[in-house]
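One-letter residues, chain by chain:
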Amino acid sequence: MENPGRTQPVLTARGAGFVGCRACGRVNPPDARTCVRCRSAIEPDDPASLQRVWAWLAAGLIAYVPANIYPMLRTTTLGHTSENTLIGGVVELLSHGAYGVGLIVFVASIVIPVAKFIAIAYLAVSVRRPAALGSHGRQVLFEVVEFIGRWSMIDVFVVAILSALVQLDFAAAINPGAAAVSFALSVAFTMLAAQSFDPRLIWNANERVQVT
Amino acid sequence: MSSATTIDPTMLTACPVCDALHRDQEVPPHRTARCARCGTVLAAPRSGAMTRITMLAATALILMIAAVLFPFLELSAQGLSQRASVLDAVLAFSTGLMAPLSLAVAFLIVLLPAARYLAILYALAPMALGWHPARHAIAAFRWAERIKPWAMAEIFIIGVAVALVKVAGLARVELGPAFWAFAALVVVTIIKDNYICRPTVWKTLEERSRS
Ligand SMILES: [Zn+2]
Ligand SMILES: [Zn+2]
């Protein structure tokens, strides 16, 4: 495939008076509401769509606070009950010498969520002004955020499995805590924030900067 | 040169990521066409891809049924033992305030992955057999792509590994047949998604629906 507009800047669907479909790549007439090929809703690459990104991101941040405060797990062994928070679970794994698994849980439930909040905010801000990172760099950042964000769900699944498995009456029982719900919500909201971000804004913003 | 009136939109592809326009050309099998600006794959025709995707989706569906029905993990401590299936893990949150979470886990690890395999089968199996696409094939494939990030079977497997380490000090744990079915399911899903080239599938769906 060759690009018909070889000269700088690159000819885009919008530049040619059309609108491209983000789902299938079909070129649609500019006033199209749904794609003629895949019937997905068509949204123009308008910076106004960033409002949705910010809204989901804020919801994700708010849900992340109780996820760190309330207990994730409630463990009862021989009549004695102990509660574990998100960080507490990591500390316990490390104290038992399970460094590899402790690291996985630490990365999945602390590093990835925090890095995702920062990365999405950076992408949304960079669309409005010249960014230090080039278009290719930001595109890679966006793909990494989209790919890796789902993996934070690990901790929720661990809680589900443990609660199902460890129900040995008096000997040992594990039950989920309130943080499991707010953490799951936080991950879901940040995934929605990443999905609401339109990567075309990265490239078109770059164009606008180059022109001036 | 870029006046809209001289351009036929059916002969063009807009990059789904950066919006750059490309003229549609026949891409030979086993070659990959990428966006000239951002490098996104625009076309990657593979011979027999439709057949392979269909077979893999069917395999995944069968494995999913096995994974849900058979015991997943068995735990024993001080003479007591407990078996858990995937269904038990899903129902772990089913009491009180945790009920919505139970539903969410069911969706993420069983219902959405299964729905996705079914939708892909419905959309692509008729084409793999050389027939016309089914009536709602376009809607089915659109949904299959939309729920892709929310189908989290592979993440669940890692969760199982972490859970095993956590209870290792507490009790003895054995893996049931469903664990291996689930692990195989993850591998099959990754191979299948590797074969799916979205723009190529869409183009084929459009062409075959019309003719
Ligand atoms: Zn489309
Ligand atoms: Zn591109």
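Residues numbered from 1 in each chain as written. Chains lettered and ligands numbered in written order. Predicted model: local features only at pLDDT ≥ 70, side-chain atom pairs only at ≥ 80, totals over all residues. Heavy atoms only, no water.

Undergrad: What is the right way to look at the interface of chain B and chain A in this model?
TA: Where interface size is quoted, it is often the accessible area lost as the parts come together. The partner chain A presents 68 residues to the 66 residues of chain B that form the contact. Buried area between chain B and chain A, both sides added, is near 6,300 Å², and the carbon and sulfur share of it is 71%. Summed over the shared surface of chain B and chain A, the result is four salt bridges. Among the salt bridges present, the one from Arg 26 of chain A reaches Glu 206 of chain B, with a minimum N-O distance of 3.1 Å. Applying the counting criterion to the chain B and chain A interface returns 13 residue pairs in polar contact (both at pLDDT 80 or more). Per element, the largest residue contribution to the side of chain B that touches chain A is eleven residues, and it comes from helix H5 (residues 153-167) of chain B. (Contact = heavy atoms within 4.5 Å. Buried area = accessible area lost by both parts, 1.4 Å probe. Salt bridge = Lys/Arg side-chain N within 4 Å of Asp/Glu carboxyl O. Polar contact = N/O pair within 3.5 Å; in protein donor to acceptor, adjacent residues only side chain to side chain. Helix = DSSP H or I, 4+ residues; strand = E, 2+ residues; numbered from the N terminus.)

Undergrad: Got a minute to help me understand the coordination of the zinc ion (ligand 1) in this structure?
TA: Under ideal tetrahedral coordination, the four donors around a metal are separated by 109.5 degrees; under ideal octahedral coordination, the six donors are separated by 90 or 180 degrees. All names here are of chain A. Protein-derived coordination of the zinc ion (ligand 1) comes from Cys 21 (SG), Cys 24 (SG), Cys 35 (SG) and Cys 38 (SG), at a distance range of 2.3 Å. Its four donor atoms give the zinc ion (ligand 1) angles of 104 to 113 degrees at the centre, a pattern that matches the tetrahedral case. Going along the chain, you hit the donors of the zinc ion (ligand 1) in the pattern C-x2-C-x10-C-x2-C. For Cys 24, a relative accessible area of 2% translates into the label buried. (Donors = N, O, S within 2.8 Å, 3.2 Å for Na, K, Ca; no water. Tetrahedral: all angles 85-135°; square planar, octahedral: opposite > 155°, others 65-115°. Buried < 20%, exposed > 50% of the residue type's maximum accessible area, 1.4 Å probe, protein only.)

Undergrad: In this structure, what is going on with the coordination of the zinc ion (ligand 2)? I would like to understand it.
TA: Residue and element names in this part refer to chain B. Around the zinc ion (ligand 2), the protein contributes the donor atoms Cys 15 (SG), Cys 18 (SG), Cys 35 (SG) and Cys 38 (SG), at 2.2 to 2.3 Å from the metal centre. Coordination at the zinc ion (ligand 2) is tetrahedral: its four donor atoms span angles of 104 to 114 degrees at the metal. Coordination of the zinc ion (ligand 2) draws on donor residues from a single chain, spaced C-x2-C-x16-C-x2-C in sequence. When its relative accessible area of 2% is taken as the criterion, Cys 15 is described as buried.

Undergrad: Help me understand the state of the cysteines, please; the structure alone is not making it clear to me.
TA: Think of a disulfide as a covalent bridge from one cysteine sulfur atom to another cysteine sulfur atom. Counting across every chain of the model gives zero disulfides over all chains. The structure places no disulfide on Cys 197 of chain B, whose sulfur is separated from the nearest cysteine sulfur, that of Cys 15 of chain B, by 12 Å. (Disulfide = S-S within 2.5 Å.)

Undergrad: How should I be thinking about the UniProt feature "transmembrane region" (unreviewed entry) in chain A in this particular structure?
TA: All names here are of chain A. Feature annotation in UniProt assigns "transmembrane region" (unreviewed entry) to the following positions: residues 53-73, 93-126, 147-166 and 172-194. Span residues 53-73 is 81% helix and 5% strand, its end C-alpha atoms 31 Å apart. In residues 147-166, helix accounts for 70% and strand for 0%; the two terminal C-alpha atoms are 32 Å from one another. (UniProt positions renumbered as here; feature names shortened; annotations may be inferred.)

Undergrad: Looking at this structure, how should I read the packing of aromatic side chains?
TA: Within a pair of aromatic rings, the relevant descriptors are the distance that separates the centres and the angle that separates the planes. Residues and elements named next belong to chain B. Throughout the structure, instances matching the rule amount to eleven aromatic pairs over all chains. Between Phe 72 and Phe 179, the ring centres sit 5.9 Å apart and the planes meet at 70 degrees, which makes this aromatic pair edge-to-face. Taken together, the residues span a long stretch of sequence, with Phe 72 in strand S5 (residues 71-77) and Phe 179 in helix H6 (residues 177-195) at a distance of 107 residues. Comparing Phe 72 with Phe 179, the two get one shared label, buried. (Phe/Tyr/Trp six-rings, centres within 6.5 Å; stacked < 30°, edge-to-face > 60°.)

Undergrad: What exactly am I supposed to notice about helix H1 (residues 49-69) of chain B here?
TA: Residues separated by three or four positions in an α-helix point in the same direction, a consequence of the helix having 3.6 residues per turn. Residue and element names in this part refer to chain B. For H1, with 21 residues, the first-to-last C-alpha span of 30 Å sits near the 30 Å given by 1.5 Å per residue. Looking at H1, one finds that the buried residues are Ala 49, Met 50, Ile 53, Thr 54, Leu 56, Ala 57, Ala 60, Leu 61, Leu 63, Met 64, Ala 67 and Val 68. At its buried positions, H1 is contacted by S5, strand S6 (80-85), helix H2 (86-91), helix H3 (99-128), H6 and helix H7 (198-210). (Expected span 1.5 Å × (residues − 1).)

Undergrad: Looking at this model, I keep getting lost on the domain arrangement of chain B. Mind explaining?
TA: Residue and element names in this part refer to chain B. Looking at the assigned domains, one finds that chain B contains domain 1 (1-45) and domain 2 (49-210). Taking the mean C-alpha position of each, domain 1 and domain 2 sit 33 Å from one another. At the interface, seven residues of domain 1 touch four residues of domain 2. Taking both sides of the interface into account, the surface hidden between domain 1 and domain 2 amounts to around 370 Å²; carbon and sulfur atoms contribute 57%. It is Asp 24, Leu 42 and Ala 44 that lose the most area in domain 1 upon contact with domain 2, and together they represent 52% of the buried surface on that side. At the junction of domain 1 and domain 2, the tally comes to one salt bridge. Close ionic contact of Asp 24 with Lys 203 constitutes a salt bridge, the shortest N to O distance being 3.5 Å. For the pair domain 1 and domain 2, the number of links is two residue pairs in polar contact (both at pLDDT 80 or more). (Domains from an automatic or database assignment.)

Undergrad: Even after reading the chapter, I still don't get unusual backbone geometry, so can you show me in this structure?
TA: Most peptide bonds are trans, and most residues other than glycine sit at a negative phi. For Arg 39 of chain A, which is not glycine, the phi dihedral falls at a positive 60 degrees. Position of Arg 39 of chain A among the secondary structure elements: in the loop between strand S2 (27-28) and helix H1 (50-69). Phi at Asp 19 of chain B takes a positive value of approximately 80 degrees, unusual for a residue other than glycine. Locating Asp 19 of chain B in the fold gives a position in the loop between strand S1 (12-14) and strand S2 (21-23).

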